[in-house]
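This is what each chain is made of:
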Amino acid sequence: MTVEEVIDLLTTAAAYDRRTVGETDVIAWHRAIADLDILDAQDAVVGHYSETTEWLMPAHVRKRVKAIREARLAREILPAPDAELADEPGPYLEAIQDAVKKLARGFALPKQITAKVEPSEEYTEARGEDHSPIRIEAFRVACPWPPCRALPGAVCVDADGRRLSVPAHEARLRAAGLLEGDGQPRSSGGAS
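Residues numbered from 1 in each chain as written. Predicted model: local features only at pLDDT ≥ 70, side-chain atom pairs only at ≥ 80, totals over all residues. Heavy atoms only, no water.

A. Summary view of helix α4 (residues 58–75). With 18 residues, α4 should cover 26 Å at 1.5 Å per step; its first-to-last C-alpha distance of 26 Å lies within 8% of that length. Regarding α4, the residues found buried are P58, V61, V65 and R72. Angularly, the buried residues of α4 cover 60° about the axis, an arc narrow enough to put them on a single face. Projecting away from the buried face of α4 at angles above 90 degrees are the exposed residues A59, K63, K66, A74 and R75. Residues of α4 that are buried make contact with α2 (23–33), α3 (38–51) and α5 (89–104). (Helix = DSSP H or I, 4+ residues; strand = E, 2+ residues; numbered from the N terminus. Expected span 1.5 Å × (residues − 1). Buried < 20%, exposed > 50% of the residue type's maximum accessible area, 1.4 Å probe, protein only. Arc of directions from axis to C-beta. Contact = heavy atoms within 4.5 Å.)

Right under this line is the structure:
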């Protein structure tokens, strides 16, 4: 926090408690809370005076900012660092610490892998499942077959709850627009 931001913070406090703010006050407060984010500190001042009439001190601001940051960390999931750092403990730990600091300060971090990655041939063979575009398109819709009713993204199951070895039930393929009325695959290559 800059000296000017401390002046703004003390001006906010003065609006509640009618304190006078001089140069000495600004210097003292800056030494005590310079490492805090101004927006979090402003929220702390408003929160303090929303709950108490006690005279505001730097320790009150620090305590409330800590609670604000802890609340952010409690409701966010910390994303894993890049896989390339897995064999490098120092940079891996630094990446985690950097992510924690960013989350605590209120910055949003990517929560999932966004790149489209096709499974390797070895993976597909070992898994023994069809990862074709037909299966992917079929997974975009729920399965309408009553014993299954798999939700979008879920695998179709038979009447006994076992996973199917085919991409999806015929009813689901139809619902996804992948089959014609006669059960033949659509010549356009699927719905979009």
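There's plenty left to go through after this.
B. Spatial organisation of the pattern of salt bridges. In the structure shown here, the tally under the stated rule is seven salt bridges. Between D40 and R72 there is a salt bridge, and its shortest N-O distance comes to 2.6 Å. Of this pair, D40 sits in helix α3 while R72 sits in helix α4, and the two are 32 residues apart along the sequence. A salt bridge links K102 to D98; its shortest N-O distance comes to 3.3 Å. On the criterion of helical spacing, the pair formed by K102 and D98 is a turn pair, its members being four residues apart in helix α5. (Salt bridge = Lys/Arg side-chain N within 4 Å of Asp/Glu carboxyl O.)

C. Local environment of the packing of aromatic side chains. For the coordinates displayed, the defined rule picks out one aromatic pair. Ring geometry for Y16 and Y49: centres 5.0 Å apart, planes at 10°, overall stacked. One end of the pair, Y16, is in helix α1 (residues 3–17); the other, Y49, is in helix α3, and 33 residues separate them in sequence. The class of Y49 is buried, set by a relative accessible area of 15%. In this structure, R19 packs its charged tip against the face of W55, placed 4.3 Å from the ring centre. (Phe/Tyr/Trp six-rings, centres within 6.5 Å; stacked < 30°, edge-to-face > 60°. Lys NZ or Arg CZ within 6 Å of the ring centre and 35° of its normal.)

D. Region of the structure containing unusual backbone geometry. Of note, R18 is a non-glycine position whose phi angle comes to about 60°, a positive value. Relative to the elements of secondary structure, R18 occurs in the loop between α1 and α2. Positive phi, close to 55°, is recorded for R149, a residue that is not glycine. Tracing the backbone shows R149 in the loop between α7 (133–138) and α8 (170–175).

E. Here's a closer look at the confidence of the model for the protein. Chain-level statistics for the protein give a pLDDT mean of 81 and a share of 78% at 70 or above. Mean pLDDT values for the elements of the protein range from 61 in helix α6 (residues 121–127) up to 97 in α2. A low-confidence stretch, residues 188–192 stays under pLDDT 50, and its non-local contacts, those more than four residues away or across chains, total six contacts. (pLDDT = per-residue confidence, 0-100.)

F. Expanded view of the packing of α4 against α5. Viewed as axis vectors pointing N to C, α4 and α5 meet at an angle of 115°, and their least axial separation amounts to 8 Å. On the basis of their axis angle, the class for α4 and α5 is roughly perpendicular. In this structure, the crossing between α4 and α5 has a hand that is right-handed. When α4 is examined against α5, the residues R69, R72 and L73 are found in contact with a partner set consisting of V100, L103 and A104. (Axes fitted to C-alpha atoms, helices over the stretch in contact; angles between N-to-C directions. Parallel < 35°, antiparallel > 145°, perpendicular 65-115°, else oblique. Left-handed = near helix turned anticlockwise from the far one by under 90°.)

G. Structural view of the environment of A32. The residue A32 is located in helix α2 in this model. Along the backbone, A32 and P58 are 26 residues apart, and their C-alpha atoms lie at a distance of 6.4 Å. Excluding residues within four positions of it along the chain, A32 makes contact with P58 and R62.

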